[in-house]
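Close look at the chain arrangement
What follows is the residue order along each chain.
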Amino acid sequence: MGVLDIAKGMGLTLGKLFSRPVTVSYPEQRATLQPRFRGRHILTRHPSLVPGEPGLEKCIGCSLCAAACPAYAIYVEAAENDPAHPHSPGERYAKVYEINMLRCIFCGMCEEACPTGAVVMGNEFELADYRSRDFVYGKDDMLVGVQGSVPQRREAARRGQPVRVGFTVEGGPRPELEGVTYPS
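Residues numbered from 1 in each chain as written. Predicted model: local features only at pLDDT ≥ 70, side-chain atom pairs only at ≥ 80, totals over all residues. Heavy atoms only, no water.

Threshold: UniProt positions are given in the numbering used here, feature names are shortened, and annotations may be inferred rather than shown by experiment.
The protein chain is annotated in an unreviewed UniProt entry as NADH-quinone oxidoreductase subunit I of Deinococcus petrolearius. Entered under Subcellular location (unreviewed entry) in the UniProt record, the comment concerning the protein chain runs "Cell membrane". Heading Sequence similarities (unreviewed entry) of the UniProt record for the protein chain holds this comment: "Belongs to the complex I 23 kDa subunit family."

Here it is in structure tokens:
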């Protein structure tokens, strides 16, 4: 390492010294995320055929996401689908779908392993909580259309206000997040 390398490093440091900081006053000011950011898991649905009713769940209970998870954070219990009142388009559906967020390493392997595109990584990153039992997200916590994490929804209900997420997605969410609404 020569004198020239040290001078280059010092020049870079001096250049950054006079540029504007990129600090965001969070949570008062929302953070801007890139669409590729991977956060909280979302279970998607097929488009609804009947207006006003949710579509069928895309998850068919195959447990490939649980098998692909290197942290063993996913638990799926499949059940037979009732033909009269189906939950998903296949013969089976996920009766129980749970992700332990304390074990999850947000690697995206579950998203890659899913053959139906049911599991996608959303953009929500505000998952901190004081209750360890609230870190096990059930199917009702992850289905598309659920705004905010468990602690955010609990706090919003306590205050009687709507859930406020602390981010915006630059350019809108990714196409696989259809039906997910984020603030713009």
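With respect to the overall build of the protein chain
The test is simple: Going along the chain from the N terminus, every DSSP run of H or I of four or more residues is numbered as a helix, and every run of E of two or more is numbered as a strand. With the radius of gyration taken over C-alpha atoms, the globule rule is written as 2.2 Å times the number of residues to the power 0.38. Residue burial is assigned from relative accessible area. The probe radius is 1.4 Å, only protein chains are included, and a residue is buried under 20% of its type maximum, exposed over 50%, and partly exposed in between. Contacts between residues were defined by any pair of non-hydrogen atoms, one from each residue, lying within 4.5 Å. For accessible areas, the Shrake-Rupley method is used with a probe of radius 1.4 Å. Any residue's cover is judged against the shown protein chains and nothing else. Under the convention used here, Asp and Glu are negative, Lys and Arg are positive, and both His and the chain ends fall outside the count. The atom standing in for a charge is NZ when the residue is Lys, CZ when it is Arg, CG when it is Asp and CD when it is Glu.
Assigned secondary structure in the protein chain consists of 5 helices and 7 strands. From first element to last, N terminus to C terminus, the protein chain shows the α and β order α-β-β-α-β-β-α-β-β-α-α-β. By the compact-globule yardstick of 16 Å for 184 residues, the protein chain is too spread out, its C-alpha radius of gyration being 21 Å. Each of the three principal axes of the protein chain carries a C-alpha extent, and together these read 75 × 45 × 35 Å. In the protein chain, buried positions account for 37% of the 184 residues. Within the protein chain, contacts between residues at least 6 apart in sequence are counted, and of these 66% link residues at least 24 apart. Summed over all atoms, the accessible surface of the protein chain reaches about 11500 Å², with 58% contributed by carbon and sulfur. Computing the positive centroid from 21 side-chain charges and the negative centroid from 21, the protein chain places the two 7 Å apart.

Remarks on the pattern of salt bridges
It is possible for side chains of opposite charge to pair when their charged atoms get near one another. Defined as follows: By salt bridge we mean one thing: a side-chain nitrogen of Lys or Arg within 4 Å of a carboxyl oxygen of Asp or Glu.
Applying the stated criterion across every chain, the model contains 9 salt bridges. A salt bridge links E57 to K139; its shortest N-O distance comes to 3.0 Å. Within this pair, whereas E57 is found in the loop between strand 2 (41–43) and helix 2 (64–68), its partner K139 is found in helix 4 (residues 139–142), the two being separated by 82 residues in sequence. In this pair, the class of E57 matches that of K139, namely buried. Of the charged contacts, one joins R154 and D134 as a salt bridge, the two residues approaching to 2.4 Å between their closest N and O atoms. In this pair, R154 sits in helix 5 (residues 150–159) while D134 sits in the loop between strand 5 (119–121) and strand 6 (136–137), placing the two residues 20 residues apart along the sequence.

Overview of helix 5
Taken as a whole, helix 5 has its buried residues at V150, P151, Q152 and A156. Considering only its buried residues, helix 5 is in contact with strand 6 and helix 4. G160 lies just past helix 5 and shows a positive phi near 75°.

Here's the deal with the UniProt feature "binding site: [4Fe-4S] cluster 1" (unreviewed entry) in the protein chain
UniProt records the feature "binding site: [4Fe-4S] cluster 1" (unreviewed entry) at C59, C62, C65 and C114, using the numbering of this structure. Look at the named residues: they lie 56 residues apart in sequence, but the longest C-alpha span between them is just 10.2 Å, so in the fold they bunch up. Classification of C62 as partly exposed rests on a relative accessible area of 32%. Relative to the assigned elements, C114 resides in the loop between helix 3 (109–113) and strand 5. Overall, the relative accessible area of 15% leaves C114 in the buried class.

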